[in-house]
Amino acid sequence: MRTQVAIIGAGPAGLLLGHILRRAGVGFVILEQKSREYVLGRVRAGVLEQGSVDILRELGLDADLAARGLTHHGIYLQYEGERHHLDFVDLVGRTVTVYGQQALVRHLLAEHHRIGSDVRFEVDGVTPHDIDTDAPFVTIGGPEGERIDCDIVVGADGYHGVCRPAIPGVQALERSYPYAWLGILADVAPSTDDLIYALHPDGFAMHSMRSREVSRLYLQVDPGESVDDWSDERIWEALQTRLGVPGWTLREGAITEKSITPMRSFVASTLEHGRLFLVGDAGHIVPPTGAKGLNSAIADVALLGRSLAAHFRGDDALLKRYSDSALARQWKVQQFSQWMTEMLHVHREVADEAARAFRYRSQLGQLEYTTGSRHAQAALAEQYAGLPF
Ligand code: FAD
Ligand code: DHB
């Protein structure tokens, strides 16, 4: 077959790009290696920046978001048993919206189904070819499989995908962190209005939510740990200890999902090669503190979508700048995510006890400064609510 854009990966990035191209009258196919059920079952991010919400609204993809998204006016930072509220509306005039990635993917897929898009699941052996020529193509299903000729290939295939490694000489700038997040979903009404990010001597903890009936909570754990080490009782005990403040109760409920996520920062040296362009996790990964992974994917896609629409109208100026523009924004996001992460996690990897105590005490200083200075609060709010696309 022949199409204008072959999108590899049906995560939020690939699915959203399809909708933007459709509105620009550009033909596309989306090729996904996993099953539809698997893609719909993945529980991941939960917070949308205002810019992400605005884009979904502009595209008319916000019906479910408008019905189920929860608008939040700020966050709490907690340390030394005290909770401090940062009011984003007061500080920078912006809000964020709690809306699960799972719900977003379900809605984007349902809309593709409704408009009859070509979205294929369980496609094996997706391989881009001749990306540095004017006639790239993608093969699927091995030697006996199909060839898809196209003008542009988009790698929306996440961190473990095939597109980034197809770029000759691509470099990785990256670091890993000596901790991981244990995340749970629980059938219990959230015990807080806004999200709580807490530093406790036992480790980081966080209280988020998915709806008025479902809570999402996270605990810092060691990267080598398995969910089998964490019984439901142990999880609730740790959450009670780390999130507890006088006069407040954390409600408990049945845990319906439990998983451990490693944490890393990663940026590819380029997001383009010839006719191949990378978006989302294929090009960069942030540690989850600060909720930037999904929002970065949406920012890339908004920019690439606009650039491709112009390209197919005969104007290549935006597309030529895509990688530089997306990476310039991404490095600011990387800096913010690393800063939030290091400020809020316990650095057990520091072997020397005095150095470890110094580190912890200076993190408290950082938190005291951040919650105590309106300028520092505004800087956090501006970045958390989202830099312009
Ligand atoms: P993905 O969602 O990874 O989608 C890529 C798609 O490509 C997948 O469907 C994959 O199956 C498919 N694919 C891969 N290889 C191939 C191939 N060879 N051929 C065809 N298809 C392929 N962010 C936050 O902000 N907060 C969080 O709490 C949070 N939690 C996370 C937990 C986990 C376990 C992970 C992995 C990520 C988490 N993130 C979180 C990050 C956020 O979910 C991602 O940034 C977001 O999913 C990026 O979207 P994407 O479409 O670029 O990539
Ligand atoms: C969620 C995840 C995050 O990484 C974050 O910073 C805030 C919320 C969530 O899954 O709800």
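Note that this is a predicted model, so its numbers are computed, not measured. (Residues numbered from 1 in each chain as written. Chains lettered and ligands numbered in written order. Predicted model: local features only at pLDDT ≥ 70, side-chain atom pairs only at ≥ 80, totals over all residues.)

Draft legend 1. Representation of the overall build of the chain within the structure. Across its full length, the chain holds 11 helices and 20 strands. Taken over the C-alpha trace, the chain has a radius of gyration of 21 Å; the compact-globule value for 389 residues is 21 Å, and the two agree within 12%. Each of the three principal axes of the chain carries a C-alpha extent, and together these read 65 × 45 × 40 Å. Put simply, the chain has 389 residues, and 44% of those count as buried. (Helix = DSSP H or I, 4+ residues; strand = E, 2+ residues; numbered from the N terminus. Rg over C-alpha atoms; globule rule 2.2 N^0.38 Å. Buried ≥ 20, exposed ≤ 12 C-beta atoms within 10 Å, placed from the backbone.)

Draft legend 2. Spotlight on the site of ligand 1. Close to ligand 1 lie 32 residues; G9, G11, G158, G280 and G293 are nearest. At the level of secondary structure, the elements contributing two or more residues to the shell around ligand 1 comprise α1 (12-23) and α8 (293-312). Class assignment for the residues of the shell around ligand 1 results in 14 nonpolar, 12 polar and six charged. (Near = placed C-beta within 6 Å. Nonpolar A, V, L, I, M, F, W, Y, C, P; charged D, E, K, R; others polar.)

Draft legend 3. Seen up close, α8. Between its first and last C-alpha atoms α8 spans 29 Å; for 20 residues at 1.5 Å apiece the expected length is 28 Å, and the two agree. Counted residue by residue, α8 has 16 buried out of 20 residues, so it is predominantly covered. Looking one or two residues beyond α8, the residue adopting positive phi is G314, at roughly 100°. (Expected span 1.5 Å × (residues − 1).)

Draft legend 4. Local environment of the domain arrangement of the chain. By the assigned domains, the chain splits into domain 1 (5-70 + 97-173 + 265-338) and domain 2 (178-262 + 347-385). For domain 1 versus domain 2, the separation of C-alpha centres amounts to 30 Å. Of the residues lining the interface, 11 residues belong to domain 1; the matching set on domain 2 comes to 12 residues. Looking at the side of domain 1 that touches domain 2 residue by residue, the classes come out as five nonpolar, four polar and two charged. (Domains from an automatic or database assignment. Contact = placed C-beta atoms within 7 Å.)

Draft legend 5. Structural context of the sheet that holds strand β16 (residues 215-221). Taken in spatial order, the eight strands make up an open sheet running β6-β5-β14-β15-β16-β13-β17-β20, and their pairing is mixed. Of all the strands in the sheet, just β6 (82-87) and β20 (284-285) have a single pairing partner and so form its edges. As defined by bridge partners, strand β14 (residues 195-198) adjoins strand β15 (residues 205-209) across three bridges and the pair is classed as antiparallel. Each residue of the ladder has a partner; that of A198, found in β15, is A205. Helix-sheet contacts for helix α10 (residues 353-372) involve β5 (74-79) and β6, and the interaxial angle to β5 is about 145°. (Pairing = 2+ DSSP bridges. Axes fitted to C-alpha atoms, helices over the stretch in contact; angles between N-to-C directions.)

Draft legend 6. Region of the structure containing the nonpolar core. Counting residues in each nonpolar core, the largest one holds 109 residues, and the members touching the most others are V5, A6, I7, L17, V154, V279 and V301. With nine residues, the single largest contributor to this core is α8. Each of domain 1 (5-70 + 97-173 + 265-338) and domain 2 (178-262 + 347-385) gives at least three residues to this core. Once you skip the residues sitting within four places of it in the chain, V279 turns out to touch A13, L17, V154, A156, A297, D300, V301 and L304. (Core = buried A, V, L, I, M, F, W, Y, C linked by C-beta atoms within 7 Å.)

Draft legend 7. Representation of the sheet that holds strand β9 (residues 127-129) within the structure. Within the open sheet, the three strands sit side by side as β9-β10-β11. Their pairing is antiparallel. In this open sheet, the two strands that pair with only one neighbour each are β9 and β11 (146-149). Taken pair by pair, the neighbouring strands of this sheet meet at an average axis angle of 25°, ignoring direction.

Draft legend 8. The arrangement of the packing of α1 against helix α6 (residues 101-115) in detail. Running from amino to carboxyl end, α1 crosses α6 at an angle of 40°, the nearest separation of the two axes being 10 Å. Considering the angle they form, α1 stands oblique to α6. Between α1 and α6 lies a crossing whose hand is left-handed. On α6, the residues touching P12, L15, L16, G18, H19 and R22 of α1 are Q101, L104, V105, L108, L109, E111, H112 and I115. Partitioned by chemical class, the residues of the contact of α1 with α6 number eight nonpolar, four polar and two charged. (Parallel < 35°, antiparallel > 145°, perpendicular 65-115°, else oblique. Left-handed = near helix turned anticlockwise from the far one by under 90°.)

Draft legend 9. Representation of the site of ligand 2 within the structure. In the vicinity of ligand 2, the residues found are A45, G46, V47, L195, S208, R216, P288, T289, G290 and A291. Residues of the shell around ligand 2, tallied by class, amount to five nonpolar, four polar and one charged. Residue contributions to the shell around ligand 2 reach at least three from each of two domains, namely domain 1 (5-70 + 97-173 + 265-338) and domain 2 (178-262 + 347-385).

Draft legend 10. Just helix α7 (residues 232-243), in detail. With 12 residues, α7 extends 16 Å from end C-alpha to end C-alpha; this agrees with the ideal 16 Å at 1.5 Å per step. Looking only at α7, the buried set comprises I235, A238, L239, R242 and L243. With its buried residues spanning 105° around the axis, α7 presents them on a single face. Exposed residues lying more than 90 degrees from the buried face of α7 are E233, R234 and E237. In the core, the buried residues of α7 are packed alongside β13 (172-187), β14, β15, β16 and β17 (254-268). (Arc of directions from axis to C-beta.)

Draft legend 11. Structural detail: the UniProt feature "domain: FAD-binding" (unreviewed entry) in the chain. Taken from the UniProt record, the annotation "domain: FAD-binding" (unreviewed entry) applies to residues 2-337. In the segment residues 2-337, helix accounts for 32% and strand for 29%; the C-alpha atoms at its two ends are 40 Å apart. (UniProt positions renumbered as here; feature names shortened; annotations may be inferred.)

Draft legend 12. How the structure looks around the pairing of strand β10 (residues 137-140). The sheet contact formed by β9 and β10 spans three bridges and is antiparallel. Residue pairing across strands places T127 opposite T139, the latter belonging to β10. Taken together, β10 and the strand that follows it, β11, pair antiparallel across an intervening segment of five residues, in which G141 is found at a positive phi of about 75°.

Draft legend 13. Seen up close, the packing of α10 against helix α11 (residues 374-385). In contact at an axis separation of 5 Å, α10 and α11 are set at 90° when each is read in the N-to-C sense. Classified by the angle their axes make, α10 and α11 are roughly perpendicular. In this structure, α10 contributes Y369, T370 and T371 to the contact, and α11 contributes A376, Q377 and L380. Across the contact of α10 with α11, the residue classes break down as three nonpolar, three polar and no charged.

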